[in-house]
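Now for the letters of each chain:
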Amino acid sequence: MSRRVVGVTLDNLDHLPQRCRRCVFWELAPHIREQAEEFGETELEKEAWVSSVLLEWGSCGRIIYADGVPAGYAMYAPPAAVPRAGAFPTAPVSPDAVLLTALRVLPEYEHGGLGRVLVQNVAKDLTRRGVKAVEAFGDLTGSTTGCVIPAGFLQQVGFKTVRQHPKWPRMRLELRTAISWKEDVEAALERLLSSVTIKTAEPVVGGA
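Analysis parameters
- Residues numbered from 1 in each chain as written.
- Predicted model: local features only at pLDDT ≥ 70, side-chain atom pairs only at ≥ 80, totals over all residues.
- Heavy atoms only, no water.
- Helix = DSSP H or I, 4+ residues; strand = E, 2+ residues; numbered from the N terminus.
- Contact = heavy atoms within 4.5 Å.
- Expected span 1.5 Å × (residues − 1).
- Buried < 20%, exposed > 50% of the residue type's maximum accessible area, 1.4 Å probe, protein only.
- Arc of directions from axis to C-beta.
- Phe/Tyr/Trp six-rings, centres within 6.5 Å; stacked < 30°, edge-to-face > 60°.
- Lys NZ or Arg CZ within 6 Å of the ring centre and 35° of its normal.

### Digging into the overall build of the chain
When helices and strands are tallied, the chain shows six helices and eight strands. Overall, the chain shows an N-to-C arrangement of helices and strands of β-α-α-α-β-β-β-α-β-β-α-β-β-α. A separation threshold of at least 6 residues defines the contact pool for the chain, and within that pool the share at least 24 residues apart is 69%.

Shown next, in the form of structure tokens:
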């Protein structure tokens, strides 16, 4: 299975699962969200939010494709751009962190490591931009709505709890830790290759 990860843009926003494309759980304050849902304007609100964050801050999401088909996505932004973040009992997000709001892999592509690939791509993007850490609110309720990332998954990919809560712990991933394994492997290979000397056979002079 070939995998490809690209940044979320207004051109590929419709590649998100339809339910997620219409969802503005994170993007709007609760009372404004209710109004948007009542008037059926959530897709426009989602597009406006993505447009605003792209313009003012930069890339705010990743879509992963499996054999050319959208298989999952992740969304993230500075906490100040995420109105819903302040409503969680374990808020606020640390000032040096970006908030990972949503991450979902479609059911038919689960258990294939795509969620981990998404997290690694988010980490690489944010590390290049000088961000020190990613935080997320984990879900310990077992909810199937998908608006909050399961805490168990976050723990599996390296997040550690920084503020405990029976339902919504706040969890953190240090970005140096998230990508250090790759850098360490590359450094080890470089040291190994630099220590290898290629010996060539001495040419035979004369003949029998």
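### Quick look at helix α3 (residues 42-56)
Over its 15 residues, α3 runs 21 Å from end to end, which matches the ideal 21 Å to within 8%, given 1.5 Å per residue. Regarding α3, the residues found buried are T42, K46, W49, V50 and V53. Angular distribution of buried residues about the axis of α3 spans 95 degrees; they occupy a single face of the element. Projecting away from the buried face of α3 at angles above 90 degrees are the exposed residues L44, L55 and E56. Note on α3: the residue one or two positions beyond its end, G58, has a positive phi of about 120 degrees.

### Brief notes about the packing of aromatic side chains
Summed over all chains, the structure comprises six aromatic pairs. A centroid spacing of 6.3 Å and a plane angle of 80 degrees characterise the contact between W57 and Y76, whose relative ring orientation is edge-to-face. Placement of W57 in the loop between α3 and β2 (61-66) and of Y76 in strand β3 (residues 69-77) is noted, with a sequence separation of 19 residues between them. A relative accessible area of 27% means that W57 is categorised as partly exposed. Residue Y76 is classed as buried on the basis of its relative accessible area of 0%. Arranged with centres 5.7 Å apart and planes meeting at 85 degrees, the rings of F88 and W168 form a pair that is edge-to-face. Of this pair, F88 sits in the loop between β3 and β4 (97-105) while W168 sits in the loop between β7 (160-163) and β8 (170-174); the two residues are 80 residues apart in sequence, bridging distant segments of the chain. Connected via pairs of aromatic rings, a cluster forms that spans F25, W26, F88, F137 and W168. Looking at R4, its charged tip hangs above the ring of Y65, at a distance of 4.6 Å from the centre.

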